[in-house]
Amino acid sequence: MFKPLLSLQRVGKEFPARGTGKGLSYKAVNEVSLDICPGETVGLVGESGCGKSTLGYLVLNLLDLTSGEILFEGQNFANLNKDQQRALKSQIQIVFQDPQSSLNPRFKIEQIVEEPLRLNGWRDKQKRKERVRQLLDKVGLGEEYLARFPHELSGGQRQRVAIARAISLNPKLIVLDEPTSALDVSVQAQILNLLKKLQRDLNLAFLFISHNLAVVRHLSNKVAVMYFGRIIELADTNELFNNPLHPYTKVLLQSIPNINPEKPLLVEVEGEIPTLHKSPLGCSFHSRCSIANDLCREAGPELQFIKEGHWVSCNAMSRGRKE
Amino acid sequence: MAQFRYLRYFTKRYPLTVTGAVIIFLVVMVSLAAPLVSPHNPYTLNLTDRLKPPGSIYLLGTDELGRDILSRIIYGARLSLLAGVGIVGIAGLFGIVIGSVSGLLGGKVDQAVMRLMDIMLAFPSLVLALALSAALGPNFRNSILAIAIVKIPVYVRLVRGQALSIKERQFVKAAQTFGAPKVWIISRHIIPNCLSPVVVQATLGIGEAILIAATLSFIGLGAQPPAAEWGAMVSMGRIYLLDQWWYASFPGIAIFITVIGFNLFGDGVRDMLDPRFHN
Amino acid sequence: MEPLLKISDLHVGFLSYAGVARVLNGIDIELFPGEFLGLVGESGSGKSLTANAVLGLLPARSAVISKGSIMFEGKELIGRSEKEFQGLRGKKISMVFQEPMNALNPSYKIGKQMVEILKLHKGLSNKEAKAEAVRWLTQVHIQNPEKVVKEYPYELSGGMRQRVLLAMALSCGSQLLLADEPTTALDVTIQAQILRLMKETADQLGTSVLLITHDLAVVAQTCQRVAVMYCGNIVESGPVTKVLREPRHPYTKALLKALPNPDSETELQSIPGSVPNLLSPPAGCRFHPRCDLVKKTCRELRPQLTTVSENHYVACWREEDHV
């Protein structure tokens, strides 16, 4: 067993709910536990509003936890002093979905990539410049880009710049928040290949957040499926895609349109994703689940071990085992 | 060549903006070259030529002390431009600093700042400028300062609104992940990105600032005689309006044209900085 | 059979201070009654523009149709007045958009918006129109339509709004539906529902659909025929099974290889370079700078669509070599 690089332990995040009256809050992330080992990619999939981006922000320490704890190399961020917090922050970086918004439009590419260096003790201008060149080279951009502005670059090139910036401080973990969703298919392939290469070269761990299951499957070692703030299934990638156990995971996988016209789309789920204000009791999926029973409407299941590399949170699974 | 083509395209598509720009350009050039282009000394008294109508020697006539009105208008352009740019500059600078800090910090600081701004905005701006100017002592410099202070809330509100949205942008989040301190985020990320609307507001505001400065001078709380200031000239000329119409009219027209120039140009700048403009 | 919509050799340019951007460079499309045609391409390929041209929605100030014709029901659309287009839009040709929130007026209730267009196009009385609105909401599988007509757009989820939009588009008996990325903003389970609904309803009413999307899998699941666009040209068109299984144009081939494929762990093949600037597009075939099969003719002359098998057309000089 590897020692995990990042360990989430029953992490929760509540936000005050606006417009619903006083003192109410909703749980954007609810009792999430997850380990990420050095050099591995964990995919985090789910539909909009399921809390996957919030979880990413929690990992980056951009938001405070409501409950639970996050350990990075065994250390709890909250217990560190300011200098240690800074050092730890530089170990975890992010690449956002929209490189248009994640790059300051008033900065030149050189200024964008050197920003983290300047903020982390690279005082020597010459060394910094050298490092920026080296970083751009790593992501496949030449020197001629140094003096350009983000709007002069294509979407794919901008995402390369964002990646160069993310690896500038030699982080151990990068949160990839839908890094290819805003890109065209042909460019998406370039970026995915680049990420894979960098992971090999730099021994990076990725927390790969996406709603695109095909892309997640391509890049991840294991995949966590989130629904309504909880991880409802967690398994090694092949296991999850070949043998999904949670009814929601099954529905999700069946909903992906297949490129083969002869494999028709099966729509097995009706109804809408519950909104935060109408959060159902019990298992959050019961309102759309085809095998829900009274128990599901009352009691939310816990994530439970099924077999090596596969955990599921579904009442039907425990039922099945008892019978 | 490319610049020329752009200019031609632009003139055809936005004639009013170009008109505004040309007016501003002319006013600025005239004020810079005042000693060269003015036919007479604006301060020399010539009691034999009092209140002469427009003619070949005095193109726009003379005032009650025999001073050439055209020359006084040319020199007056300097004061009006100084007033306009100075007021907007001071107000904008304070507005940017206060607004961005207030927006980024949020919470109690923000609440306190914004309530103070609300109170200032609750007064009619001319009345507040009048009171401040009178309290500081009536001279041209103080009138600029007074109007600038009155205009600060406009910029604070604008910049704070921008800062609130920019601080949620992802490049600010990214900067936080490399441990950027607040001063860094304000100076590097927030201020540069909220400048566009401030520039628009400032360009549109120059016209109004010139107008208020002239108004204070008209009332006697701004530039003092014998300064050649448009508002003061209108004020002095108004008693002669029936018989010597040119005395008050020409400085009034100068104010009107300059203000129009800045307003037209400001509207154009606003359109240009609107992202939808670039289609 | 006569095509319902026949676009031939359509050229559209956009004026800007830097010159004319030739955004559509001779488009040929035929859409037959009751047919689903997919129009696929990456951003900037001109696919949305094609739809806007059909509806007479190109910005009059800057867009110029320099050549070509758009025939709808055998009648020319180019050169018609705005008033004539208003008579067509919503009545004979309808459109659904990517962002249903932008297409609905936020300050009117759903029912009112539906009633308005029914009164306008079908001349119904208020009472009849109300009943008709409810009937159409039922048709698009909205549960309790009586409640939905009294709601404002913001009260509905994205999927519901898209259903409402679809109902509005079809309620006046349009023969042609232009769907511009109708499911791109939706979650995958909702996308599956909407795609199935579109297919069901259009089949039932005999409506022809031009489905504009960047997602080849969506096309595979819904369309009979597909046209692939690149940079203002149609480079390949034909039956979905043919084009997706035996693509002939290098661009189509590359696009398919760039998709993450669950069956292979290999590196994704990306298309080198990026989409060219339309102000100065490459001469000859616009794909030639990114094509690995490029030959001399490709740099000089624009290839025309030629038949490679029944109903399968490709615009590529390499086809000559096969003959």
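Residues numbered from 1 in each chain as written. Chains lettered and ligands numbered in written order. Predicted model: local features only at pLDDT ≥ 70, side-chain atom pairs only at ≥ 80, totals over all residues. Heavy atoms only, no water.

## What to know about the sheet that holds strand E1 (residues 6-16) of chain A
All names here are of chain A.
Okay, step 1: Reading across the sheet, the four strands line up as E2-E1-E4-E5 and stay open at both edges, with antiparallel pairing between neighbours. Each edge of the sheet is formed by a strand with only one pairing partner; in this case those strands are strand E2 (25-36) and strand E5 (75-76).
Okay, step 2: Note: E1 against E2, eight bridges, orientation antiparallel. Paired with Ser 7 across the strands is Asp 35, a residue of E2.
Okay, step 3: The strands that helix H1 (residues 52-59) touches are E1, E2 and strand E4 (67-72); relative to E1, the one it contacts most, it runs at about 115°. (Pairing = 2+ DSSP bridges. Helix = DSSP H or I, 4+ residues; strand = E, 2+ residues; numbered from the N terminus. Contact = heavy atoms within 4.5 Å. Axes fitted to C-alpha atoms, helices over the stretch in contact; angles between N-to-C directions.)

## With respect to the interface of chain C and chain B
Interface size is commonly expressed as the accessible area that is lost once the parts come together.
Okay, step 1: Across the boundary between the two partners, chain C contributes four residues, which contact four residues of chain B.
Okay, step 2: Summed over both partners, the interface of chain C with chain B buries about 490 Å², with 52% contributed by carbon and sulfur atoms.
Okay, step 3: Our count for the chain C to chain B interface comes out at zero salt bridges.
Okay, step 4: Across the contact surface, chain C and chain B share zero residue pairs in polar contact (both at pLDDT 80 or more). (Buried area = accessible area lost by both parts, 1.4 Å probe. Salt bridge = Lys/Arg side-chain N within 4 Å of Asp/Glu carboxyl O. Polar contact = N/O pair within 3.5 Å; in protein donor to acceptor, adjacent residues only side chain to side chain.)

## Brief notes about the packing of helix H6 (residues 125-136) of chain B against helix H7 (residues 140-166) of chain B
Residues and elements named next belong to chain B.
Okay, step 1: With their axes 8 Å apart at the nearest point, H6 and H7 run at an angle of 140° to one another. One way to sum up the angle between H6 and H7 is to call them oblique. For the element pair H6 and H7, the recorded crossing hand is right-handed. Counted together, Ser 125, Leu 128, Ala 129, Leu 132, Ser 133 and Leu 136 of H6 and Asn 142, Ser 143, Leu 145, Ala 146, Ile 147, Ile 149, Val 150 and Lys 151 of H7 form the full contact between these two elements. (Parallel < 35°, antiparallel > 145°, perpendicular 65-115°, else oblique. Left-handed = near helix turned anticlockwise from the far one by under 90°.)

## Side note on the environment of A:Ile70
Residue and element names in this part refer to chain A.
Okay, step 1: For Ile 70, the location among the structural elements is in strand E4.
Okay, step 2: Assessed through its relative accessible area of 8%, Ile 70 is described here as buried.
Okay, step 3: On a C-alpha basis, the gap between Ile 70 and Ser 33 in space is 9.2 Å, while along the polypeptide they are 37 residues apart. (Buried < 20%, exposed > 50% of the residue type's maximum accessible area, 1.4 Å probe, protein only.)

## What to know about the sheet that holds strand E12 (residues 310-312) of chain A
Residue and element names in this part refer to chain A.
Okay, step 1: Ordered in space as E6-E7-E8-E3-E9-E10-E12-E11, the eight strands form an open sheet in which the pairing is mixed. For this open sheet the edge positions go to strand E6 (92-95) and strand E11 (304-307), each flanked by a neighbour on one side alone. Across this sheet, the average inter-strand angle for adjacent strands is 20°, counted without regard to direction.
Okay, step 2: Bridge analysis of strand E3 (residues 41-45) against strand E8 (residues 205-210) gives five bridges, and the strand direction is parallel. Its bridge partner being in E8, Thr 41 is matched across the sheet by Phe 206.
Okay, step 3: Lying on the sheet, helix H6 (residues 155-167) is in contact with E6 and strand E7 (173-177); it crosses E6 at an angle near 175°.

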